[in-house]
Amino acid sequence: MGHLSHGLLRPVPPSVLTAAANPTTPLGMNMQDRKPVESWLSDMDGVLVHEGQPVPGAPEFVKRLRASGKPFLVLTNNSIYTPRDLQARLARMGLDVPEQAIWSSALATAQFLADQRPGGTAYVIGEAGLTTALHAVGYVLSDFAPDYVVLGETRTYSFEAITKAVRLINDGARFICTNPDATGPSVEGALPAAGSVAAMISKATGVEPYFVGKPNPMMMRSALNTINAHSESTAMIGDRMDTDILCGLEAGLETILVLTGISSRAEAERYPYRPSRIVNSVADLIDEV
């Protein structure tokens, strides 16, 4: 049994199916058995901001988080921006999130590669968020027999760059993609994102990438390690059932779905797994921090 995510049928772990039988039970653990929340992970788009504006209550929620002294991270699958870029963008919207409290799929990908093959080489299709993260872990960016082809988001996907990636993978480079998101938002409407371009490269090479970002629970676990947090006392707030909630469930976290982004309450009922709970927005969580 599986669920359809980004065009691929992924098996649903037995632990998640167990959780689905009880809406208050993530990974077979009764909510009353969980430890109090000592650390928080939150998605960015759809949870704290929406269409370039702060979600009502989000600035107050972040302010309360910072005052509490509890470890927290704001997560995003978008690999375009560096944490400093994202800090500045959030600050313009009245959200005071420190640079070190932002965790992107680019950072998770760089950490993954540094663990797998320290001091390696990569041919990168992406923006400063990804290239900066790879440089920071000691990777050399090269199109000469690289260890990896690493695909992330970019504002301008180049046919020439995609062709180069196809040929390098055919020659033996390992294929990594920051995240499986098929589309991204824009003012004009949906844009093709990394997952769509990855599918094109896979079709041309017969090689599937390894996706590091959500819903891979590795992204959650790397975030937990970054703030020295434990899954049994951490909550994940997200707006998407197929990425945020699934990722949190598989990493053993308490999961909280907010209704200010992608997934509605009705849509949440269609999945074979459930969040620990559903709230209207982060404004409902301010008093819990």
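Since this is a predicted model, take the numbers as computed values, not measurements. (Residues numbered from 1 in each chain as written. Predicted model: local features only at pLDDT ≥ 70, side-chain atom pairs only at ≥ 80, totals over all residues. Heavy atoms only, no water.)

## Quick look at the confidence of the model for the protein chain
In step 1: Taken over all residues, the pLDDT of the protein chain has a mean of 90, while the share at 70 or more is 88%.
In step 2: Across residues 1-29 the pLDDT falls below 50, and counting only partners more than four positions away or on other chains, this stretch makes 63 contacts in the model. (pLDDT = per-residue confidence, 0-100. Contact = heavy atoms within 4.5 Å.)

## Topic: the packing of aromatic side chains
In step 1: Taken as a whole, this structure holds four aromatic pairs when the rule is applied.
In step 2: When the ring of F112 is compared with that of Y210, the centres are 5.1 Å apart and the planes differ by 25°; the resulting orientation is stacked. Taken together, the positions of F112 in helix α4 (residues 105-116) and Y210 in strand β14 (residues 210-211) put the pair 98 residues apart, joining distant regions of the chain.
In step 3: The aromatic ring of Y81 is capped on one face by R89, whose charged end is 4.5 Å from the ring centroid.
In step 4: Between R174 and the ring centre of Y148, over which it is positioned, the NZ or CZ distance is 5.8 Å. (Phe/Tyr/Trp six-rings, centres within 6.5 Å; stacked < 30°, edge-to-face > 60°. Helix = DSSP H or I, 4+ residues; strand = E, 2+ residues; numbered from the N terminus. Lys NZ or Arg CZ within 6 Å of the ring centre and 35° of its normal.)

## A look at the packing of helix α6 (residues 159-170) against helix α7 (residues 194-205)
In step 1: Between α6 and α7, the least distance of the axes is 10 Å, while the angle of their chain directions is 45°. As summarised for this structure, α6 and α7 are arranged oblique, according to the angle between their axes. Seen along the crossing, α6 lies across α7 with a hand that is right-handed. Residues I162, A165, V166, I169 and N170 of α6 lie in contact with α7, whose contacting residues are V197, M200, I201, A204 and T205. (Axes fitted to C-alpha atoms, helices over the stretch in contact; angles between N-to-C directions. Parallel < 35°, antiparallel > 145°, perpendicular 65-115°, else oblique. Left-handed = near helix turned anticlockwise from the far one by under 90°.)

## So, the pattern of salt bridges
In step 1: Evaluation of the coordinates by the stated rule reveals eleven salt bridges.
In step 2: With its nearest N and O atoms 4.0 Å apart, the salt bridge here joins D287 to R64. On the criterion of sequence distance, the pair formed by D287 in the segment after β17 (277-279) and R64 in helix α2 (residues 58-68) is long-range, its members being 223 residues apart.
In step 3: Using a relative accessible area of 70% as the deciding quantity, one classes D287 as exposed.
In step 4: Here E99 and R84 are joined by a salt bridge, their closest N and O atoms 3.6 Å apart. With E99 in the loop between α3 (83-92) and β7 (102-104) and R84 in helix α3, this residue pair connects regions lying 15 residues apart in the sequence.
In step 5: Judged by relative accessible area, R84 falls into the exposed class, the value being 57%.
In step 6: Linked by salt bridges that have partners in common, D43, K214 and D244 make up one network. (Salt bridge = Lys/Arg side-chain N within 4 Å of Asp/Glu carboxyl O. Buried < 20%, exposed > 50% of the residue type's maximum accessible area, 1.4 Å probe, protein only.)

## As for the environment of F72
In step 1: For F72, the position within the fold is in strand β6 (residues 72-76).
In step 2: Once residues within four sequence positions are removed from consideration, F72 is found in contact with W40, L65, R66, V97, P98, A101 and I227.

## Focus on the pairing of strand β3 (residues 39-43)
It is a general feature of regular strands that their side chains alternate between the two faces of the sheet.
In step 1: Taking burial as the measure, the five residues of β3 include five buried ones, the bulk of the element.
In step 2: Side chains S39, L41 and D43 project from β3 onto one buried face, and the interleaved W40 and S42 project onto a second face that is buried too.
In step 3: In terms of strand pairing, β3 meets strand β15 (residues 234-238) through four bridges, oriented parallel. Looking at the pairing, S42 lines up with I237 of β15. (Pairing = 2+ DSSP bridges.)

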